[in-house]
Amino acid sequence: MDEIRFRWMKYGDIDDVLAVENASFSAPWSREAFENEMTINQFAKYLLLEVDGTVVGYCGLWLVMDEAHITNVAVVPELRGRKLGEKLMVKVMDMLRDEGVKMMTLEVRVSNYIAQSLYEKLGFLKGGIRKNYYSDNGEDALVMWVKLNEQ
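Criteria and cut-off values
Residues numbered from 1 in each chain as written. Predicted model: local features only at pLDDT ≥ 70, side-chain atom pairs only at ≥ 80, totals over all residues. Heavy atoms only, no water. Pairing = 2+ DSSP bridges. Helix = DSSP H or I, 4+ residues; strand = E, 2+ residues; numbered from the N terminus. Axes fitted to C-alpha atoms, helices over the stretch in contact; angles between N-to-C directions. Contact = heavy atoms within 4.5 Å. Buried < 20%, exposed > 50% of the residue type's maximum accessible area, 1.4 Å probe, protein only. Arc of directions from axis to C-beta. Polar contact = N/O pair within 3.5 Å; in protein donor to acceptor, adjacent residues only side chain to side chain. Phe/Tyr/Trp six-rings, centres within 6.5 Å; stacked < 30°, edge-to-face > 60°. Lys NZ or Arg CZ within 6 Å of the ring centre and 35° of its normal. Patch = residues over 30% accessible without salt bridge, like charges linked within 9 Å, V, L, I, M, F, W, Y side chains within 5 Å. Areas by Shrake-Rupley, 256 points an atom, 1.4 Å probe, with all protein chains shown as cover. Salt bridge = Lys/Arg side-chain N within 4 Å of Asp/Glu carboxyl O.

Asks: Summarise the sheet that holds strand S6 (residues 125-130); cite the residues concerned and give the values.
Replies: Spatially, S1-S2-S3-S4-S5-S7-S6 is the arrangement adopted by the seven strands of the open sheet, whose pairing is mixed. This sheet does not close on itself; its edge strands, each paired only once, are strand S1 (4-8) and S6. Pairs of neighbouring strands in the sheet enclose a mean axial angle of 25 degrees, with direction left out of account. Bridge count between S1 and strand S2 (residues 44-51): five bridges; the pairing is antiparallel. Residue pairing in the sheet places Trp8 in a bridge with Leu47 of S2. Here helix H2 (residues 31-39) sits on the sheet in contact with S2, strand S3 (54-64) and strand S4 (67-75), set at roughly 115 degrees to S2. Along the sheet, helix H4 (residues 113-121) makes contact with S4, strand S5 (103-109), S6 and strand S7 (141-147), crossing S5 at roughly 160 degrees.

As structure tokens, then:
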């Protein structure tokens, strides 16, 4: 791994993001979902993570007023464990801080202790539980929040 780069997603990146999505999740989002995010949803922004010019991860969010809701975060399985997810989250959080965003939230599977540990390391606090949140197996989601800027 040489060059790590971050950039905002464009419509033409959908195939690359779908490849990461399909490799990462048991219930991946569809092409149509990403097309809607890029063309219809005025609140959606996606930060891409590239390694040596290849998209290997992304973080999707909805930015509404001064709050950001992370919709999905993924790094291709073969590059996990190399702190790329952490770098991606830190970059997103820094960029949002610079834009004056005050709070960020996300949902994470209650069984995903690795992700929960990363989010706690980045300052996220546990909020509530969303029962039967995940459509593939009905698993609950843990809601987590972090303050990016003081209110």
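Next, the rest of the story.
Asks: Could you give an account of H4, with specific residues and numbers?
Replies: Of the positions making up H4, those classed as buried are Ala115, Gln116, Leu118 and Tyr119. For H4, the angular spread of buried residues about the axis comes to 160 degrees, placing them on one side. In H4, the exposed positions angled more than 90 degrees off the buried face are occupied by Tyr113, Ile114 and Lys121. Residues of H4 that are buried in the fold lie against S4, helix H3 (84-98), S5, S6 and S7. Positive backbone phi, at 100 degrees, marks Gly123, one or two positions downstream of H4.

Asks: So what's going on with the side chain of Ser24? Residues and values would help.
Replies: Along the chain, Ser24 falls in helix H1 (residues 14-24). Within the local environment of Ser24, its side chain forms a polar contact with the backbone oxygen of Val20, the two atoms lying 2.7 Å apart. Apart from residues lying up to four places away in sequence, Ser24 is in contact with Ala74, Val75, Val76, Pro77 and Arg80.

Asks: Can you break down unusual backbone geometry residue by residue, with the values?
Replies: Even without a glycine there, the phi angle at Met65 is positive, about 55 degrees. Tracing the backbone shows Met65 in the loop between S3 and S4.

Asks: Now, about the packing of aromatic side chains: what can you tell me, with residues and values included?
Replies: Under the counting rule described, the total for this entry stands at six aromatic pairs. Between Trp29 and Phe34 the ring centres are 5.4 Å apart and the planes differ by 45 degrees, which places this aromatic pair in the tilted class. Judged by its relative accessible area of 26%, Trp29 is partly exposed. The cationic tip of Lys45 hangs over the ring face of Trp8; the distance from NZ or CZ to the ring centre is 4.5 Å.

Asks: So what's going on with a nonpolar patch on the surface? Which residues, and what values?
Replies: Residues Phe43, Trp62, Val64 and Met65 make up a contiguous nonpolar surface patch of roughly 420 Å² in combined accessible area. Exposure remark for Val64: the relative accessible area of 39% places this residue in the partly exposed category.

Asks: Which residues make up the pattern of salt bridges, and what are the values?
Replies: Per the stated rule, a full pass over the model turns up 13 salt bridges. For Arg5, the salt bridge is made with Glu50, and the minimal N-O distance between the two is 2.9 Å. Of the two residues, Arg5 is situated in strand S1 and Glu50 in strand S2; the sequence distance between them amounts to 45 residues. With a shortest N-O distance of 3.0 Å, Glu107 and Arg130 are connected by a salt bridge. Here the residue Glu107 occupies a position in strand S5, and Arg130 occupies one in strand S6, the gap between them amounting to 23 residues. A relative accessible area of 14% places Glu107 in the buried class. Judged by its relative accessible area of 37%, Arg130 falls in the partly exposed class. Each of Arg5, Arg7, Asp13 and Glu50 takes part in salt bridges that share partners, so that together they form one network.

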